Amino acid sequence: MSYQVIVVGVGSMGAATCWRLARKGINVLGLEQGALPNPLASFAGATRAIRLSYTEHPDYVPLLRGAYRLWDELGEEAGDQFLVRTGAVYLGRKEGYMVGGALRAAVEHRLEHELLTSQELGERWPQFQVDEADVGLFEKEAGYVLSERAVGAMVQRALLAGAKLKGHVAVTDWRTEGDGVVVKTDQGDVRADRVVFTAGAWSGKVLEELKVPLKVTRQVLGWTWPQCPMDFTAEKFPVWVADAGDGAVHYGFPLTPDGSGGVGLKSARHFPALEVNPDRVVREALEGDEDEVRNGLRRFVPSGDGPLLSLRICLYTNTPDGHFVVDHHPECSHAVIACGFSGHGFKFAPVMGEALADLAVEGKTDWPIDFLGLSRFADA
Ligand SMILES: Cc1cc2nc3c(=O)[nH]c(=O)nc-3n(C[C@H](O)[C@H](O)[C@H](O)COP(=O)(O)OP(=O)(O)OC[C@H]3O[C@@H](n4cnc5c(N)ncnc54)[C@H](O)[C@@H]3O)c2cc1C
C-alpha cells in the first residue's frame, strides 16, 4: 500500500499536519514511535501559553493570527474549547528581552496592548512582585491552549477524516525512490509520494544529515497550591512571563477551574535549562527541580509559592537562533521538515499543520514562513 503523504512523528506538529491533510482528502499515514498521543512528547504538561505580541520576532504575528483562527476551528469541529483567552502580562525592564520584544511586535502590527508601570501593575495584580523599574505589558488576546486535549482532538479529527495513524511504530531511516520516498520502520518499509518529518526532540536523530545543531533541553514544570487560591483564578490572574534580567525567564498560568491545566498553579523556568539526550533524559524529579520552579514564584509571585503538588519533565528542541525550521529537505523536494520549535512552538501547531500540508501536497504555501527556512544556517 502506498500513501500520498507519510508524517513521521505524530506529536504537536505531526497531529496538526495529519488533521489538515486528512481534511483535504489526502491519503495520509502518520507514524508515531510512542503511544498516540505520546505522553513523552513536547506538548505534555496540560497547557501552553499563546500570545500575539510576539517577543521572539514580529514576523510570527501573521502566523499567530492564523493559529488563533484554527484553534477556534478545532474547538468548533470537536465541540470543545482548546484556546482560553485569559490575557497575559509580560514583566521586566521596558527595553529588556521580554517586554521590549513584545512591545516591538505590538507596535509594528498595531496590536492592542497596555503598558503599565510597576505601581499600576501592583494595583491591578497585587499577586505580582516586581522591581520599581520594571513595567508590565498586558495583552488581553493572550491566554493558553489546553495542549494535551488539543493534540488528542487533532489525532481524533484526523482519524475521523480518514487518516491512517499508527502508534508504537518507530521510523528508523528513509530514502528517495523514483518520484517518491521509502520510509523504513521497525515494522517494515512504507512508500509514499511525500514525507513530512515532525519528530520533535528526535529530529536530530532521524535527520542527521541536516547538520543543524539542535540542542534538546530538560524543562521542569511545577504545580503548587497557593495560600489564597481564589486570587489565582483566570478572572483575577493572567498568564505571565517574567524576565529576571539575569538571562532567566520564568512564566506561569492561572488556575484552571476544572484542573484541566493540571491541578494547582502551574509555573516554570523557560530558560536556561540543562542539555540532554532525548533517549536518556531523567523524567523523574531530580534534586534542584523543585527549587527551579519555586525560584520564579519567590521572585515574581510569592503568594503562589505554596505546597508542591507535582513536577513534570518535558523537552525543548532548540535551534541556534531560537527560530523554527520549516522547509523542504535541502536535498529532496519530496521531504518536508518542521523541527527546532525552541520552546515556543505549540501555539502555532494548527497553522504549521496547514503550512506543512501545503508544502507536502502543493510544493509551496502562502503562509509567510520564508524566515523559518534552512538557508539562514548556510548564510551564517
Ligand atoms: C515545558 C514546556 C513548556 C512549553 N511551553 C510552551 C508555551 O507556553 N507555548 C508554546 O507555544 N510552546 C511551548 N512549548 C513548546 C512546544 O510545546 C513545542 O515547541 C512543541 O510541542 C513541539 O512540537 P513537535 O511536534 O516538534 O514535537 P512533539 O510534540 O514532541 O512531537 C514529536 C513526535 O515525534 C515522535 N517521533 C520522534 N521520532 C520518531 C520516529 N523516529 N518515529 C516515529 N515517531 C517519532 C515523538 O515520539 C513525538 O510524539 C513548551 C515546551 C515544553 C517542553
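Parameters at a glance
- Position numbers for residues count from 1 along each chain, tracking the sequence in the order it is written.
- Totals for whole chains, interfaces and linings use every residue, but because this is a predicted model, local features are given only for residues with pLDDT of at least 70 and side-chain atom pairs only at 80 or more, for both listing and counting.
- Calculation of side-chain values draws on the structure's entire complement of heavy atoms; hydrogens and water are dropped beforehand.
- By definition here, a salt bridge exists when the distance from a side-chain nitrogen of Lys or Arg to a carboxyl oxygen of Asp or Glu is within 4 Å.
- To qualify as a helix, a DSSP run of H or I must reach at least 4 residues; to qualify as a strand, a run of E must reach at least 2; elements of each kind are numbered from the N terminus.
- Relative accessibility under 20% of the residue-type maximum defines a buried residue, over 50% an exposed one, and the middle range a partly exposed one, all with a 1.4 Å probe and only protein chains included.
- A fitted line through C-alpha atoms represents every axis, and for helices the fit uses only the stretch in contact; the resulting angles, taken between N-to-C directions, go from 0 to 180 degrees.
- In this scheme the crossing of two helices becomes right-handed for a clockwise turn of the near helix relative to the far one and left-handed for an anticlockwise turn of less than a right angle.
- We call two residues contacting when some pair of their heavy atoms lies within 4.5 Å.
- Under the scheme applied, nonpolar residues are Ala, Val, Leu, Ile, Met, Phe, Trp, Tyr, Cys and Pro; charged residues are Asp, Glu, Lys and Arg; polar residues are all the others, including Gly.
- Stacked, edge-to-face and tilted are the three classes for Phe, Tyr and Trp ring pairs, Trp counted by its six-membered ring, which pair at centre distances within 6.5 Å; planes under 30 degrees apart are stacked, over 60 edge-to-face, the rest tilted.
- Only Lys NZ and Arg CZ are tested; either one counts as a charge over a ring when it is within 6 Å of the ring centre and within 35 degrees of the ring normal.

What follows covers the pattern of salt bridges. Under the criterion given, the structure shown has 27 salt bridges. For Asp-131, the salt bridge identified is with Arg-299, shortest N-O distance 3.8 Å. Taken together, the residues span a long stretch of sequence, with Asp-131 in the loop between α4 (118–124) and β7 (135–139) and Arg-299 in helix α7 (residues 289–300) at a distance of 168 residues. Using a relative accessible area of 34% as the deciding quantity, one classes Asp-131 as partly exposed. Residue Arg-299 is classed as partly exposed on the basis of its relative accessible area of 30%. Among the charged side chains, a network of salt bridges with common partners joins Arg-20, Arg-23, Arg-69, Glu-73, Glu-77, Arg-157 and Glu-354.

Turning our attention to the environment of Asp-370. Mapped onto the elements of the fold, Asp-370 is located in the loop between α8 (349–361) and α9 (375–379). With a relative accessible area of 74%, Asp-370 lands in the exposed category. Along the backbone, Asp-370 and Asp-59 are 311 residues apart, and their C-alpha atoms lie at a distance of 9.9 Å.

Moving on: the packing of helix α2 (residues 61–78) against helix α5 (residues 147–160). Packing of α2 against α5 leaves a shortest axis separation of 10 Å and a crossing angle of 65°. As α2 packs across α5, the resulting crossing turns out to be left-handed. Here Trp-71, Leu-74, Glu-77 and Ala-78 of α2 come into contact with α5, specifically with Ala-150, Ala-153, Met-154 and Arg-157. Of the residues assigned to the contact of α2 with α5, the class counts are 6 nonpolar, no polar and 2 charged.

Two numbers describe a pair of aromatic rings. These are the distance of the centres and the angle of the planes. If you walk through the whole model with that rule in mind, you get 18 aromatic pairs. Ring centres of Phe-128 and Trp-240 lie 6.3 Å apart, and the angle between their planes is 70°; on these two criteria the pair is classed as edge-to-face. Of this pair, Phe-128 sits in the loop between α4 and β7 while Trp-240 sits in strand β14 (residues 239–243); the two residues are 112 residues apart in sequence, bridging distant segments of the chain. Comparing Phe-128 with Trp-240, the two get one shared label, buried. Aromatic rings pair up to connect Trp-125, Phe-128, Phe-138, Phe-232, Phe-237, Trp-240 and Phe-300 into one cluster. The aromatic ring of Trp-19 is capped on one face by Arg-20, whose charged end is 4.5 Å from the ring centroid. The aromatic ring of Phe-138 is capped on one face by Arg-124, whose charged end is 5.0 Å from the ring centroid.

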